[in-house]
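Breakdown of the fold
The primary structure of each chain is shown beneath.
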Amino acid sequence: MRELADAARVGVDACRRAVDNMRRAGVLVKVGERRVSYRNRPVALYAPVAQRPAANDADGCVGLAQALRAWG
């Protein structure tokens, strides 16, 4: 969390809250743990969830077309 907060240039508490919210929303997923020198316990490693296009949405425009049809 400390490394992520330093990279984002925010406080550790704000970073922890943002990561918890993103994990709960399904945007981030925990992919493992690793040991660091500044902590006794391993730290969690997170990665963004891969966005998979639908089978009929090869170019990404089908979802937009459906949204525009529903709107108009």
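Cut-offs used in this document
Residues numbered from 1 in each chain as written. Predicted model: local features only at pLDDT ≥ 70, side-chain atom pairs only at ≥ 80, totals over all residues. Heavy atoms only, no water. Helix = DSSP H or I, 4+ residues; strand = E, 2+ residues; numbered from the N terminus. Contact = heavy atoms within 4.5 Å. Areas by Shrake-Rupley, 256 points an atom, 1.4 Å probe, with all protein chains shown as cover. pLDDT = per-residue confidence, 0-100. Salt bridge = Lys/Arg side-chain N within 4 Å of Asp/Glu carboxyl O. Buried < 20%, exposed > 50% of the residue type's maximum accessible area, 1.4 Å probe, protein only.

The next subject is the overall build of the protein chain. Tallying secondary structure elements over the protein chain gives three helices and two strands in all. Considering only intrachain contacts with a sequence separation of at least 6, the fraction spanning at least 24 residues in the protein chain is 10%. Total accessible area on the protein chain stands at roughly 6100 Å², and carbon and sulfur atoms take up 54% of it.

Here we take up the confidence of the model for the protein chain. Confidence in the prediction of the protein chain, expressed as mean pLDDT, is 81, and 76% of residues score 70 or more. Confidence, expressed as mean pLDDT per element, reaches its minimum in the protein chain at helix H3 (residues 61-71) with 67 and its maximum at helix H2 (residues 12-25) with 92.

Taken as a whole and judged by the stated rule, the model has four salt bridges. Here Arg16 ties to Asp13 by a salt bridge, and the two come within 3.2 Å at their closest N and O atoms. Highlighted residues: Arg16 and Asp13, both in helix H2, separated by three residues, approximately one helical turn. Overall, Asp13 belongs to the exposed group, its relative accessible area being 52%. Two residues, Lys30 and Glu33, come together in a salt bridge whose shortest N-O distance is 3.3 Å.

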